[in-house]
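Fold and contact review
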Amino acid sequence: MSVSYGVDSGYGGDTSPEAQFTAKRSKLLSQISTAKSLLSELKTLCQSVPNASGSSDDENVLSASQSLAILTRLDNKSTNAINQHLDNLYQRIADTTSRVLVTGDLNAGKSTFVNALLRREVVPDDQQPCTALFAEVVDVAQNNGVEEVHGIKEGVTYDKSDPNTFDRMDIRHLRTIVEDNEGGYELLKVYCGDDRGRNGEDGNSTGGSLLHNGAVDISLIDSPGLNIDVIKTMALFSKQETIDVIVFVVNAENHFTLSGREFLTTAGKEKAYIFIVVNKYDQIRRKERCRRDIMDQIKEISPQTYSDPALVHFVSAKQRLLSHLGEPITESPEGPTIADFTKLEESLRSFILEKRLRSKLAPAKTYLSNLLSDMTQLAASARLAASQIRTSMSDQLAKDAPNHERMLQLKASLLDNLDRTIDDTATIVRQTSALKLNEFMERMDLFSDGVEWSGAIYVWQYATTLRNTVYRGATQRLRRCEEFAKRKALECVETVQRATEGLEEAPRIDPSIIYSAFDESSSGGPGEGLKRGISMSDSMTDFGNNNGGPVSSVVPMELEEFFDYQDRLEIVKDYVPSMGMIAAGAIGFRVMSGPSTGAALSRSGYNGGGGFSGTKLLFAGLSVAGVGLFLYVLSDMKHMVDRKVLGKMRQHLTDSQLIELSVDRLVNGTRRVLRLSFWEFQNHFQRLLGESTRKRDEMRAKATGAEKSAERLEEIARRLERCRKEVEAVELEE
């Protein structure tokens, strides 16, 4: 370790150690403030990166989201702890005081070493482990020139201006206070002056007070032995953050114990350089071997301390104190000598005063550098996670785009025009049904060919059978119209369903509504379909029953109702002449053939036998002609009945508006079942489209948010790296 100065550090024109220290201290103070600001900004940025774990199944997104979840654990508790530590560093750097912790194992001679530095016996020392609590030796100038001891109890915040925070005691009773500690103190503040430079003993090299030299105020903390108990050891660990320099005193006879190794390893994480004093070196016979073994241990425990020989000294503190007090001492040629202790003091002064750049600023620089490096990595990891989320969201948007566009097209071309599709289907049903029913009305005469004519005496039975046959035909024609309407409704549903093929999740149309609506008649009673406005065939089925039923009341077959007055006149006109001819011929023939007629003619003198026979033949011919005429008229009765029955049936169906009502009911029923079938389909489709739109809007928002976060994180990562480089540029190794 070089102790020479005079080279401009780059922080100002003044090259004195004090000027360099001030400039570099100001630089680190500024960087601490910057680090706190960047930490707060980084925390906010990490927490603002969108969480995409529920928006995609992509493994990269899930990994990025999991990484981000870890990164965003910069909760208030952790950031408060970091900020608190940064505040402590800031206060330590801004503070002009330096605290030096003198520690080591039991009986290493720590108290003796402190007394040797002060050139007076202040803190008690003995062969027994006297120091059972912390004793901080502070220059008497900080207590208005009054030498005394302030006892501070655990949990009390010490304030020199507040007597309620400490107990004031006489410095002459310090040994008793330390050994008994009846007050249960955790720390003793020992205000005293040192005896250095008395009679010019120390010369110019180490002259002047060590505790107060005008540049910085130094306090020496004498601590309990590390191996007294675990509680004291942990208490010592907790003091590391508030001290500037660690002086570790090693007993040359014992080397480094396990507790000492653990302490140095822990302390070395924050303080790269530790001042090591190998005490009681005068009691070692094989000094070179001892020196070699201890240096090997130091190399293993603290490599940076090992690399600087000015930080390791082999001395005898007791020898130096006795010499100052005028006691006789014996110096061995192999050491240690008074000159060795003087060299130790020069190195310690250099380390504390001239090299306080390292003792006070190095821990802050080390922590700041590590913190900024970690924050830079954190920002880079968060930026990478945000970039992965943005890329994945963009890829997912591109992947889902065809399906979403297809849904939008279907909505515009199909869903928004479903009413027109239903109307088109209903129009086809109307046209076809009307055509079929009109055809039925026009071809009704053909139904008589299927009914057997059994003669005039069965005319009423024939008429009834013909009537029922016509109604059965009407029922069948209505059923065919219903089947056609059902088929067209199903075709409409299938057409709409096929249009949704290719969608990732296509809503299904339930055709059971159509089947149940059109087939209701098969499960319900007569007229059940009419109640639903679709099926009419069931209500007409009974019209075809031979046992009467509703048809007998609609189209009765009674004589007085079946043959009206005009019909009767036509019957009289057709049948009376033939019946008259038959009756006249029969009566004339009978009269001419009777004996009374012949006797009367003989008495009258008429004897025309040939004429008589001719007259009889004339009457016989008249009867035969009448019979022939009757048979002719009787043979045309079937056609007459057909005309009458079919005419009445046609008139009845026309008056009852069979075609109009049936067509209207089929059309309205078709519309109704299609609307019912498409209702859930439309709702499901709208839900899917709404969910797809919402998901895409969410992914776009997350992609945009992640992109902005990535840009800001990249920018803050550059600022963090720039800040870290500026911290690293603060040169503390001179």
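The rules behind these values
- Residues numbered from 1 in each chain as written.
- Predicted model: local features only at pLDDT ≥ 70, side-chain atom pairs only at ≥ 80, totals over all residues.
- Heavy atoms only, no water.
- Helix = DSSP H or I, 4+ residues; strand = E, 2+ residues; numbered from the N terminus.
- Buried < 20%, exposed > 50% of the residue type's maximum accessible area, 1.4 Å probe, protein only.
- Pairing = 2+ DSSP bridges.
- Core = buried A, V, L, I, M, F, W, Y, C linked by side-chain atoms within 4.5 Å.
- Contact = heavy atoms within 4.5 Å.
- Axes fitted to C-alpha atoms, helices over the stretch in contact; angles between N-to-C directions.
- Parallel < 35°, antiparallel > 145°, perpendicular 65-115°, else oblique.
- Left-handed = near helix turned anticlockwise from the far one by under 90°.
- Nonpolar A, V, L, I, M, F, W, Y, C, P; charged D, E, K, R; others polar.
- Salt bridge = Lys/Arg side-chain N within 4 Å of Asp/Glu carboxyl O.
- Arc of directions from axis to C-beta.
- pLDDT = per-residue confidence, 0-100.
- Expected span 1.5 Å × (residues − 1).
- Phe/Tyr/Trp six-rings, centres within 6.5 Å; stacked < 30°, edge-to-face > 60°.

**Observations concerning unusual backbone geometry**
- Positive phi outside glycine occurs at arginine 119, with the angle close to 65 degrees.
- By secondary structure assignment, the location of arginine 119 is in the loop between helix H4 (110-118) and strand S2 (134-139).

**Focus on the pairing of strand S1 (residues 97-104)**
- S1 sits mainly inside the fold: six of its eight residues count as buried.
- Pairing of S1 with strand S6 (residues 217-222), which is carried by six bridges, proceeds in the parallel orientation. Paired with threonine 97 across the strands is aspartate 217, a residue of S6.
- As judged from the five bridges shared by S1 and strand S7 (residues 245-251), these two strands associate in the parallel manner. Looking at the pairing, valine 102 lines up with valine 247 of S7.

**Section: the nonpolar core**
- Ranked by size, the top nonpolar core spans 51 residues in total, and within it Met444, Ile514, Leu674 and Phe678 carry the most contacts.
- Within the residue set of this core, elements represented by two or more residues are helix H12 (356-413), helix H13 (418-442), helix H14 (459-499), helix H15 (512-518), helix H24 (637-655) and helix H25 (658-728).
- Beyond its immediate sequence surroundings of up to four residues, methionine 444 is in contact with Val470, Leu646, Met649, Arg650 and Leu653.
- Formed by 43 residues, the second largest nonpolar core is a distinct cluster that contains Leu174, Leu220, Val315 and Ala317.

**Brief notes about the packing of H13 against H14**
- Between H13 and H14, the shortest axis-to-axis distance is 10 Å and the interhelical angle comes to 160 degrees. Of the possible angle classes, the one that applies to H13 and H14 is roughly antiparallel. As H13 packs across H14, the resulting crossing turns out to be right-handed. Together, Leu418, Thr421, Thr425, Ile428, Val429, Thr432, Ser433, Lys436, Leu437, Glu439 and Phe440 of H13 and Val470, Gly473, Ala474, Arg477, Leu478, Cys481, Phe484, Ala485, Lys488, Ala489, Cys492 and Val496 of H14 make up the contact between the two elements.
- Of the residues contributing to the contact of H13 with H14, the split by class is 14 nonpolar, five polar and four charged.

**Focus on the sheet that holds strand S9 (residues 312-314)**
- Strand order in the open sheet made by the nine strands is S4-S3-S5-S2-S6-S1-S7-S8-S9, with mixed pairing throughout. Of all the strands in the sheet, the pair left with one neighbour each is strand S4 (167-169) and S9. Each strand of the sheet is rotated relative to its neighbour by a mean of 20 degrees, with strand direction disregarded.
- The sheet contacts of helix H8 (residues 287-301) involve strand S8 (275-279) and S9, and relative to S9 the element is tilted by about 160 degrees.

**So, the pattern of salt bridges**
- Applying the stated criterion across every chain, the model contains 27 salt bridges.
- What you see here is one network of salt bridges that share partners, running through Glu691, Arg694, Glu698 and Lys702.

**Structural notes on helix H7 (residues 258-267)**
- Those residues of H7 not exposed but buried are Ser259, Gly260, Phe263, Leu264 and Ala267. For H7, the angular spread of the buried residues around the axis is 130 degrees, confining them to a single face.

**With respect to the confidence of the model for the protein chain**
- Per-residue confidence for the protein chain averages 77 on the pLDDT scale, and 71% of its residues sit at or above 70.
- Low confidence marks residues 1-13, where pLDDT is under 50. Its contacts with residues over four positions away, or in another chain, come to 28 contacts.
- Confidence drops under a pLDDT of 50 for residues 538-562, and excluding neighbours within four residues, the segment shows 56 contacts in the predicted structure.

**Focus on H13**
- Between its first and last C-alpha atoms H13 spans 36 Å; for 25 residues at 1.5 Å apiece the expected length is 36 Å, and the two agree.
- Within H13 the residues assigned to the buried category are Leu418, Ile422, Thr425, Ala426, Val429, Thr432, Ser433, Leu437, Phe440 and Met441.

**Some details on the packing of H14 against H25**
- H25 packs onto H14 with a crossing angle of 25 degrees between their chain directions and a minimal axis gap of 10 Å. Here H25 runs roughly parallel to H14, going by the angle between their axes. By crossing handedness, the relation of H14 to H25 is classed as right-handed. Taking contact as the criterion, the partners of Leu478, Cys481, Glu482, Ala485, Ala489, Cys492, Val493 and Val496 in H14 are, on H25, Leu658, Ser662, Leu666, Thr670, Leu674, Ser677, Phe678 and Phe681.
- Its residues assigned to classes, the contact of H14 with H25 comprises 12 nonpolar, three polar and one charged.

**With respect to the packing of aromatic side chains**
- Applying the stated criterion across every chain, the model contains nine aromatic pairs.
- Aromatic side chains tyrosine 158 and phenylalanine 166 sit 5.6 Å apart centroid to centroid with 65 degrees between the ring planes, which places their arrangement in the edge-to-face category.
- Using a relative accessible area of 22% as the deciding quantity, one classes tyrosine 158 as partly exposed.
- By the ring-pair criterion, three or more aromatic residues cluster together here, those being Phe248, Phe256 and Phe263.

**A look at the environment of glutamate 346**
- In this fold, glutamate 346 is placed in helix H11 (residues 338-354).
- Residue classification places glutamate 346 among the partly exposed positions, given a relative accessible area of 36%.
- Along the sequence, glutamate 346 and alanine 310 sit 36 residues apart, while their C-alpha atoms lie 9.4 Å from each other.

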